[in-house]
Amino acid sequence: MADENIQDGGDGRSADGGDGIRTFPFPVDLSLLGVGMQVGPMGAGRTWHAHAPLHRVHRIDFHIVMLFTGGPVRHMIDFAEYEASAGDLLWIRPGQVHRFAPGSEYRGTVLTMQPGFLPRATVEATGLYRYDLPPLLHPDEARLAGLTAALDQLRREYEDAATLPLSLHTAVLRHTLSAFLLRLAHLAAGSAREGKADAPGDTTFALFRNAVERGFATNHSVSAYADALGYSRRTLVRAVRAATGETPKGFIDKRVVLEAKRLLAHTEMPIGRVGAAVGFPDAANFSKFFQQHTDQTPAAFRAELR
């Protein structure tokens, strides 16, 4: 979505007649030399997008990592309220619905990065799209020192736009960013697994997770995903269970329910259109599916949040 097509209707929804959740692209024009990342201080009046309604619900199509030096700060991500204090990190991934707390004072350093800025191998190694990992991280003193030093180095490299040619400057930023994200990913994985070793099915699960993220709105079939990825259904079941404790079908359904909740809570789309948007052309089937997974009808869920 181009910047000039985004207008603020005053309620967090599109002003051009659309009723979906507003998604803001990475603002390349605000980056030094137009590179695919930004890093700098948080504070009043600073934003990553000129039109982003920070205190209203919206999505972004890039990553945000905030390292706090003050707090507490309350931040909503996908129906969960997170309270961050000094020394905590908050990692918001593309597509997640979130909102800043208008009464909170955000202090610290914020990193934003554009999808595609890092090579695929680094994306996988750092778990950039591990939506199953916790957004809020509480590093111990040693890990916080390492993360802070890595982020400070990244900021120095980012702000030094004159020493190196642009191509070399960008390469240095990618390497420095990767070092920071590897530390961050290790912390996030440790928080999720409480220090357990990586499961042998991680690669299989990563491919499945990515395929579900691309296709959940139209494809709910475990067999179809297995066939598309070249795995047996049994292999996929083992890998997903090892990584998440869930079955592949449970993982798919959870993603569908999350998107349905986002649309029900944060848009005025009719319930039938919400169902169609997540792969249920028949409104009755959508209502049945949603109630099975939430113990509420779509209408009741929406009414509870209004």
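Described below are features of the structure shown in this document.

**Considerations on the packing of aromatic side chains**
If you walk through the whole model with that rule in mind, you get 12 aromatic pairs. Their ring planes at 45° and their centres at 6.2 Å tell us that Phe68 and Tyr106 sit as a pair that is tilted. Note that Phe68 is positioned in strand β4 (residues 63–68) and Tyr106 in the loop between β8 (98–100) and β9 (108–113), a separation of 38 residues in sequence. One exposure class covers both Phe68 and Tyr106, and it is buried. Pairwise contacts between aromatic rings join Phe79, Phe280, Phe286, Phe289, Phe290 and Phe301 into one cluster. Sitting over the face of the ring of Trp91, Arg93 holds its NZ or CZ atom 3.9 Å from the ring centroid. Sitting over the ring of Phe117, Arg174 keeps its end group 4.8 Å from the ring centre.

**Some remarks on the sheet that holds strand β10 (residues 136–137)**
Pairing within the open sheet is antiparallel, and its 5 strands lie in the order β2-β9-β4-β7-β10. Here the strands that pair on one side only, and so sit at the sheet edges, are β2 (37–41) and β10. The pairing of β4 with β9 spans 6 bridges and is antiparallel. If you follow Ile64 over to β9, its bridge partner there is Thr112. Its contacts with the sheet place helix α2 (residues 141–159) against β2, β4, β7 (89–92) and β9, and it is angled at close to 110° to β2.

**Focus on unusual backbone geometry**
Following Gly71, the chain continues to Pro72 via a peptide bond in cis, the omega torsion being 5°. Mapped onto the secondary structure, Pro72 falls in the loop between β4 and β5 (73–77). The residue Leu33 is not glycine, and still its phi comes out positive at about 60°. With respect to the helices and strands, Leu33 occurs in the loop between β1 (23–24) and β2. For Leu33, a relative accessible area of 46% gives the class partly exposed. The phi dihedral of Phe79 falls on the positive side, at around 75°, and the residue is not glycine.

**Thoughts on the side chain of Asp88**
Inspection of the secondary structure puts Asp88 in the loop between β6 (80–84) and β7. Within polar-contact distance, the side chain of Asp88 engages the backbone nitrogen of Ser85 at 2.9 Å.

**Structural notes on the sheet that holds β6**
Strand order in the open sheet formed by 3 strands is β6-β5-β8, and the pairing between neighbours is antiparallel. Where the open sheet ends on each side, the last strands, each with one partner, are β6 and β8. When the angles between neighbouring strand axes are averaged without regard to direction, this sheet yields 25°. Where β5 and β8 come together, 3 bridges link them in antiparallel fashion. Residue pairing across strands places His75 opposite Phe100, the latter belonging to β8.

**Focus on the pairing of β4**
Summarising burial for β4: 6 of the 6 residues are buried, a large majority. What you see with β4 is no split at all: His63, Val65 and Leu67 on one side and Ile64, Met66 and Phe68 on the other are buried throughout. The sheet contact formed by β4 and β7 spans 4 bridges and is antiparallel. Paired with Leu67 across the two strands is Leu89, which belongs to β7.

What counts, and where the lines are drawn
Residues numbered from 1 in each chain as written. Predicted model: local features only at pLDDT ≥ 70, side-chain atom pairs only at ≥ 80, totals over all residues. Heavy atoms only, no water. Phe/Tyr/Trp six-rings, centres within 6.5 Å; stacked < 30°, edge-to-face > 60°. Helix = DSSP H or I, 4+ residues; strand = E, 2+ residues; numbered from the N terminus. Buried < 20%, exposed > 50% of the residue type's maximum accessible area, 1.4 Å probe, protein only. Lys NZ or Arg CZ within 6 Å of the ring centre and 35° of its normal. Pairing = 2+ DSSP bridges. Contact = heavy atoms within 4.5 Å. Axes fitted to C-alpha atoms, helices over the stretch in contact; angles between N-to-C directions. Polar contact = N/O pair within 3.5 Å; in protein donor to acceptor, adjacent residues only side chain to side chain.

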